[in-house]
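# Coordinates in review
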Amino acid sequence: MTLMSTGGPGTGHPSLADTEQRVFWTAQPGAPAAEPPLTQSTSADLVIVGGGLTGLWTAICAKDQDPSRDVLLLEAEDVAFGASGRNGGFISASLTHGLAHGEAIWPDEMPSLLRQGRENLDAIVAFVQAEGIDADLRIVGKTAVALTPHAVADLIPMRDLHQRWGEDVALLDADEVRADVHSPTYLGGLRVRSGSGLMDPARLTWGLKRTAQRRGVRIHEHTPALHLSRSGGGISVRTPLGEVRARQAVLATNGYRPLLRRLSMRILPIFDHVLVTEPLSTAQLDSIGWHESQGMTDLGNQFHYYRRTPDDRILWGGYDAIYHRGNRTDPVLEDRAESHALLARQFFATFPQLEGLRFSHKWAGIIDSTSRFTPAIGTALDGRVAYSVGYTGLGTALSRFGALTMLDLLAGRRTERTNLRIVRRKPVPFPPEPLRYPLVQFTRSRLAQEDRTGRRGLWLRTLDRLGLGFNS
Ligand SMILES: Cc1cc2nc3c(=O)[nH]c(=O)nc-3n(C[C@H](O)[C@H](O)[C@H](O)COP(=O)(O)OP(=O)(O)OC[C@H]3O[C@@H](n4cnc5c(N)ncnc54)[C@H](O)[C@@H]3O)c2cc1C
C-alpha cells in the first residue's frame, strides 16, 4: 500500500475535529520561569542570539571553558520556542545526515566524523545525567520501515552500510517487522539499536536553560536582536530597548530571518508538521505492539518519523515539507490544514486498528535546510561573529557539536572539529527568489516521483552530481 494514495490535499479528517494548535512538549507543565526582557544597554564578553539548543549549548560550553567569561543570551520569544522545543525528540550521533550521505560526500573523513559524532552523543547523555536533567533521554535506536518493493530492495545495502561502520543492525522481513510494530503497511525493516535514541525536547531545552543559569549565564527572553554591527574592536547587537556591546557574538537563530545576509542564501526554511494523539488505552497499546518504544521512520525522500510519548500517546510527523515563497517564517503559516489532514490520513493507513483515536495537538516548526543537509558553521565580521545554522532536521545532538565548533573558531583554535571539511567548506547557496520557489517545488515533485517509482530521475541525479539537494 502506498501512503500517498490516502486522499487529496484539502480534505479534513474527523480525528482532527478537536485538535489544539499547540506544541505537545512545551504545553507540559514544568517550564522554568521566563526571564525578563533586556530593558537597558549592557556589555558582555560573549553575546549569543537564539535560545534553542545551539545557543544554550554555546552558553554552557563557553562557561565550562572559562567560568570568568561574561555570557549573555538573547531570545526573541521564550527559550524552547523554536525547533528545539517542537521537534520529534529523536537524537542521533550522526554529523553527516546519515551514513549514506556521509560516505558519499566525505568518505575519507568518515572514521573521524563517526567517532566525533558518537563522542558528542555520549557527552550529551553523560551531561544530562550529571546535571540531573529530566529529559527522558534513552538510547533505544530506531527502526526504519520499507513501505514499497523498491524500499525493500534498498534494505540489504543499508544493512551492509550500517555493519561496515560498526552499528548494531538487524534486517527484518515483513513478518518480523510487523510482529514488532503491528502495521499492515510494512514490507520489511531495519532495526538499528546503536547511535540514536529519543528524548523530551522541551525538558532537554529547559534543563539546559537552568544549567546555563547555574553557571552564571545571563538570559533575556522576549528580546529580539534587531541588528548586528562592528563596534570598536567588538560587536554591537541592537535590541528594542537596549544595545549589547560584546567582544564576540554567536548567531544561533536556526531557520529564522538571519542577522547576516549571507546566511539567508544558505538556508531554506522548511515547515515540518506534527500531530500528537490522545493517550492510547491498554487495548489500543496492545493492538500496536511496539514494546521497545524505539523511534520509527519510513524509508523515502518524504518520510514520517513517529514515536511513543512517556504518557502513551503517539507523535507522528514529517512527510509534507513546505517551503513558503520568499523564505517566509511567520507563525501564521504553522496552521496548515492540508498538511495536518494528510498526516492524519497517513497515520490511520499505517495503524488502521486505531481508527477512532483523536489527535490532541498539532503544530509545525521550521527546519533550516541547506543544500548539503549539514550545517553551515563559520565566522563573519573579521572573526568576531560565529554562526551554526542549517541542521536540516537533524540538529538535536549536532547543536552541541555546532556550539563547540563556534567556540573553537572564535578562539582561533585549530581542532579536530575545525579541521573537518564539513566545517571548512560551506554548503552551496540556494538561488535567490524568484527562482528559488519554482526550483524547490520542482525538486519536491521529482522527490515524490522517486518515492512512487523507485527511480531517481535526471534532475535529482544532476543535483547529486553537484552535491546539492533539498531535504527536511
Ligand atoms: C517539527 C520539527 C521536528 C524535528 N525533529 C527532529 C528530530 O526528531 N531530531 C533531530 O535531531 N532534529 C529534529 N529537528 C531539528 C532540530 O529541532 C533543530 O535542528 C534544533 O532544535 C536546532 O536548534 P537551534 O537552537 O539551532 O534552533 P531553534 O531551536 O529554532 O532556536 C533558535 C532560536 O533563535 C530565536 N531567534 C531567532 N531570531 C532571533 C533574533 N533575531 N533575536 C533573538 N532570538 C532569535 C528563535 O526564537 C529560536 O528560539 C526538528 C525540527 C522541527 C521543526
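It should be emphasised that the depicted structure is a prediction, and the values quoted were computed from it without experimental measurement.

### Section: the overall build of the chain
- Regarding its fold elements, the chain presents 15 helices and 20 strands.
- Here the C-alpha atoms of the chain give a radius of gyration of 22 Å, agreeing with the 23 Å that 2.2 N^0.38 yields for 472 residues.
- Across its three principal directions, the C-alpha atoms of the chain cover 65 × 45 × 45 Å.
- Scored against the burial criterion, the 472 residues of the chain give a buried share of 49%.

### Quick look at the confidence of the model for the chain
- Looking at the chain as a whole, the pLDDT averages 94, with 97% of positions reaching at least 70.
- Contacts for the low-pLDDT stretch residues 1-10, under 50 throughout, to residues beyond four places or in other chains number 16 contacts.

### What about the site of the ligand?
- Around the ligand lies a shell of 42 residues, among which Gly50, Gly52, Gly82, Gly365 and Gly395 are the nearest.
- Looking at the shell around the ligand, the elements that each hand over two or more residues are helix 1 (53-65), helix 2 (83-86), strand 4 (90-92), strand 13 (268-277) and strand 18 (359-369).
- When the residues that make up the shell around the ligand are grouped by side-chain class, the tally is 19 nonpolar, 19 polar and four charged.

### Here's the deal with the pairing of strand 7 (residues 188-192)
- Burial analysis of strand 7 places five of its five residues in the buried class, the great majority of the element.
- As paired elements, strand 5 (residues 142-146) and strand 7 share five bridges and run antiparallel to each other. Bridging across to strand 7, alanine 144 finds its partner in leucine 190.

### Quick word on the packing of helix 1 against helix 7 (residues 201-214)
- Interaxial distance between helix 1 and helix 7 falls to 9 Å at its minimum, and their mutual angle equals 30°. Compared by their axis directions, helix 1 and helix 7 come out roughly parallel. Crossing of helix 1 over helix 7 shows left-handed handedness. Residues Leu53, Leu56, Trp57, Ala59 and Ile60 of helix 1 form the contact with helix 7, whose own contacting residues are Thr205, Leu208, Lys209, Thr211 and Ala212.

### Thoughts on the pairing of strand 2 (residues 42-49)
- Bridge count between strand 2 and strand 12 (residues 243-251): seven bridges; the pairing is parallel. Pairing of valine 47 across the sheet is with alanine 249, part of strand 12.
- As a crossover connection, the stretch from strand 2 through helix 1 into strand 3 (residues 71-74) is right-handed.

### Remarks on helix 10 (residues 337-350)
- Spanning 14 residues, helix 10 covers 20 Å between terminal C-alpha atoms, matching the ideal 20 Å at 1.5 Å per step.
- Looking at the buried side of helix 10, the elements it contacts are strand 13, strand 15 (304-308), strand 16 (314-318), strand 17 (322-323) and strand 18.

### Re the packing of helix 1 against helix 11 (residues 398-411)
- In contact at an axis separation of 8 Å, helix 1 and helix 11 are set at 50° when each is read in the N-to-C sense. Classified by the interaxial angle, the pair formed by helix 1 and helix 11 is oblique. Where helix 1 crosses over helix 11, the handedness of that crossing is right-handed. Facing helix 1, whose interface residues are Leu53, Thr54, Trp57, Thr58, Cys61, Ala62 and Gln65, helix 11 presents Ser399, Arg400, Gly402, Ala403, Leu404, Met406 and Leu407.
- The residue makeup of the contact of helix 1 with helix 11, split by class, is eight nonpolar, five polar and one charged.

### Some words on helix 11
- Compared with the 20 Å implied by 1.5 Å per residue over 14 residues, the 20 Å span of helix 11 between its first and last C-alpha is a close match.
- Positive backbone phi, at 70°, marks glycine 412, one or two positions downstream of helix 11.

### Some thoughts on unusual backbone geometry
- Here the amide bond leading from glutamate 433 into proline 434 is cis, since omega sits at 10°, within 30 degrees of zero.
- Along the chain, proline 434 turns up in the loop between helix 13 (421-424) and helix 14 (436-453).
- With phi around 50°, histidine 222 is a residue other than glycine that occupies positive phi space.
- Along the chain, histidine 222 falls in the loop between strand 9 (218-220) and strand 10 (227-231).

### Considering the environment of alanine 364
- In this fold, alanine 364 is placed in strand 18.
- Between the alpha carbons of alanine 364 and proline 149 there is a distance of 31 Å; along the sequence they are 215 residues apart.
- Ignoring anything within four residues of it in the chain, the contact list for alanine 364 reads Phe271, Asp272, His273, Val274, Glu334 and Arg336.

### Considering the environment of glycine 233
- Topologically, glycine 233 is positioned in the loop between strand 10 and strand 11 (234-238).
- Separated by 14 residues in sequence, glycine 233 and arginine 247 have C-alpha atoms that sit 7.1 Å apart.

### Digging into the environment of arginine 178
- One can find arginine 178 in helix 6 (residues 174-180).
- For arginine 178, a count of 19 C-beta atoms within 10 Å translates into the label partly exposed.
- Sequence spacing of arginine 178 and isoleucine 288 is 110 residues, and the spatial spacing of their C-alpha atoms is 9.2 Å.
- Residues within four places of arginine 178 in sequence aside, it is in contact with Ser183 and Tyr186.

Conventions used here
Residues numbered from 1 in each chain as written. Predicted model: local features only at pLDDT ≥ 70, side-chain atom pairs only at ≥ 80, totals over all residues. Helix = DSSP H or I, 4+ residues; strand = E, 2+ residues; numbered from the N terminus. Rg over C-alpha atoms; globule rule 2.2 N^0.38 Å. Buried ≥ 20, exposed ≤ 12 C-beta atoms within 10 Å, placed from the backbone. pLDDT = per-residue confidence, 0-100. Contact = placed C-beta atoms within 7 Å. Near = placed C-beta within 6 Å. Nonpolar A, V, L, I, M, F, W, Y, C, P; charged D, E, K, R; others polar. Pairing = 2+ DSSP bridges. Axes fitted to C-alpha atoms, helices over the stretch in contact; angles between N-to-C directions. Parallel < 35°, antiparallel > 145°, perpendicular 65-115°, else oblique. Left-handed = near helix turned anticlockwise from the far one by under 90°. Right-handed = clockwise from strand over helix to strand, strands pointing away. Expected span 1.5 Å × (residues − 1).

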